[in-house]
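Each chain, letter by letter, is given below.
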Amino acid sequence: MSEDVRLVAWVRGHVQGVGFRWFTRAKALEIGALRGFARNLGDGRVQVVAEGSRDRCERLLAWLQTGDTPGRVEGVTEIWDTPRGGYDGFAIR
């Protein structure tokens with residue numbers, strides 16, 4: 001079993017106004033056992049915070065990076081940390 005981690009990813013490109021956060025939540029639910037959120041930032045990026053096992057977070061990150069997303073992803077920057085908790089499921093903010 002893999003350790004629990006916290007993934008914070010900033011997705012840049014044409015990712016607002018195209019259903020990106022909704023599809024990100026749907027993918028997190030499909031992967032399962034992920035908690036966190038996706039939210040629009042004022043500079044046009046989407047921030048994704050996910051907590052769960054490392055392998056599940058890596059699957060979500062790979063999906064964010066593949067281009068199999070709504071809109072157009074130009075790049076993803078991520079950091080890894082220890083989980084902080086406090087999330088009830090995966091939300092759109």
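What counts, and at which threshold
- Residues numbered from 1 in each chain as written.
- Predicted model: local features only at pLDDT ≥ 70, side-chain atom pairs only at ≥ 80, totals over all residues.
- Heavy atoms only, no water.
- Phe/Tyr/Trp six-rings, centres within 6.5 Å; stacked < 30°, edge-to-face > 60°.
- Helix = DSSP H or I, 4+ residues; strand = E, 2+ residues; numbered from the N terminus.
- Buried < 20%, exposed > 50% of the residue type's maximum accessible area, 1.4 Å probe, protein only.
- Lys NZ or Arg CZ within 6 Å of the ring centre and 35° of its normal.
- Polar contact = N/O pair within 3.5 Å; in protein donor to acceptor, adjacent residues only side chain to side chain.
- Contact = heavy atoms within 4.5 Å.
- UniProt positions renumbered as here; feature names shortened; annotations may be inferred.
- Pairing = 2+ DSSP bridges.

Enquirer: What should I look at first to understand the packing of aromatic side chains in this one?
Expert: Remark: the centre distance and the inter-plane angle together describe each pair of aromatic rings, the angle taken between the planes. Applying the stated criterion across every chain yields a total of 3 aromatic pairs. Between the aromatic rings of F37 and Y87, the centroid separation amounts to 5.8 Å while the plane-to-plane angle is 55 degrees, which identifies the pairing as tilted. Separated by 50 residues along the polypeptide, F37 in strand 2 (residues 35–40) and Y87 in the loop between strand 4 (72–81) and strand 5 (90–92) bring together distant segments of the chain. Take F37 and Y87: they sit in the same class, and that class is buried. The side chain of R54 reaches across the aromatic face of W80, ending 4.7 Å from its centre. Over the ring of F37 we find R93; its NZ or CZ atom is 3.9 Å from the centre of that ring.

Enquirer: Sorry, what's going on with the side chain of T24 here?
Expert: Structurally, T24 can be placed in helix 1 (residues 20–31). A relative accessible area of 0% means that T24 is categorised as buried. Here the side chain of T24 touches F20 through a polar contact of 2.8 Å, landing on its backbone oxygen. If we ignore the near neighbours within four places in the chain, the residues touching T24 are A38, V48, L60, W63, L64 and F90.

Enquirer: Just to check I follow, could you spell out the UniProt feature "domain: Acylphosphatase-like" (unreviewed entry) in the protein for this structure?
Expert: Here, the residues flagged by UniProt with the feature "domain: Acylphosphatase-like" (unreviewed entry) are residues 6–93. Taken end to end, residues 6–93 has its terminal C-alpha atoms 18 Å apart, with 28% of it in helix and 41% in strand.

Enquirer: Got a minute to help me understand the pairing of strand 1 (residues 4–14) in this structure?
Expert: A regular strand places its side chains so that they alternate between the two faces of the sheet. Sheet topology note: the strand 1/strand 3 (residues 46–53) ladder contains 8 bridges and is antiparallel. Pairing of R6 across the sheet is with E51, part of strand 3. In this structure, strand 1 lies alongside strand 4, joined through 9 bridges in antiparallel fashion. Its bridge partner being in strand 4, L7 is matched across the sheet by W80.

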